[in-house]
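# Understanding the architecture of this molecule
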Amino acid sequence: MRNFHLPLPDEVYRDLREEAERSSKPATALARHAIELWLDHRRKVARHEAIAAFAAKHAGSPLDLDTELEAASLQHLLADRKGKR
């Protein structure tokens, strides 16, 4: 594990310390967890943006959705919808 010095605004530092005391967990563990959650969220956003960019760039090209697969999925969705009525 590596150390990282992170200056915090007074209010953030105070809130972090208060939460650490309230939860009986080390402030470093809370900060680490918050950073991990944020990084995971950013990875998901980046993946979504990359997929959306690929889809927009290749719409209508041979790399677009397979027409047979699209038809099968639509049939499945329609059959599923009829079964729920």
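Refer to the structure presented above.
A brief look at the structure comes next. (Residues numbered from 1 in each chain as written. Predicted model: local features only at pLDDT ≥ 70, side-chain atom pairs only at ≥ 80, totals over all residues. Heavy atoms only, no water.)

As a further point, take the overall build of the protein chain. On a plain count of helices and strands, the protein chain comes out with three helices and zero strands. Listed N to C, the secondary structure of the protein chain is α-α-α in terms of helices and strands. At 23 Å, the protein chain has a C-alpha radius of gyration far larger than the 12 Å of a compact globule built from 85 residues. Over its C-alpha atoms, taken along the principal directions, the protein chain stretches across nearly 55 × 35 × 25 Å. (Helix = DSSP H or I, 4+ residues; strand = E, 2+ residues; numbered from the N terminus. Rg over C-alpha atoms; globule rule 2.2 N^0.38 Å.)

Before going further, it helps to examine the environment of S23. Summarising the element assignment, S23 is placed in helix 1 (residues 10–23). By relative accessible area, which is 25% here, S23 ends up partly exposed. There is a polar contact of 2.8 Å between the side chain of S23 and the backbone oxygen of E19. (Buried < 20%, exposed > 50% of the residue type's maximum accessible area, 1.4 Å probe, protein only. Polar contact = N/O pair within 3.5 Å; in protein donor to acceptor, adjacent residues only side chain to side chain.)

To continue, consider the layout of surface pockets. Estimates place the volume of the largest pocket at around 580 Å³. F4, L6, T28, A31 and R32 are, among the 18 residues lining the largest pocket, the residues nearest its centre. Secondary-structure elements contributing two or more residues to the lining of the largest pocket are helix 1 and helix 2 (27–58). Sorting elements by how many residues they give to the lining of the largest pocket places helix 2 first, with seven residues. Tallied by class, residues from the lining of the largest pocket come to 11 nonpolar, three polar and four charged. (1 Å grid on protein atoms, 1.4 Å probe; cavity = no way out; pocket = protein on both sides within 12 Å on 5 of 7 lines; lining within 4 Å. Points joined across faces, edges and corners; volume = space filled by probe spheres on them. Nonpolar A, V, L, I, M, F, W, Y, C, P; charged D, E, K, R; others polar.)

Right, let's talk about helix 3 (residues 67–83) for a bit. Compared with an ideal rise of 1.5 Å per residue, which puts 17 residues at 24 Å, helix 3 spans 24 Å between its outermost C-alpha atoms and is within 8% of the ideal. Within helix 3, only zero of the 17 residues are buried, leaving the element largely exposed. (Expected span 1.5 Å × (residues − 1).)

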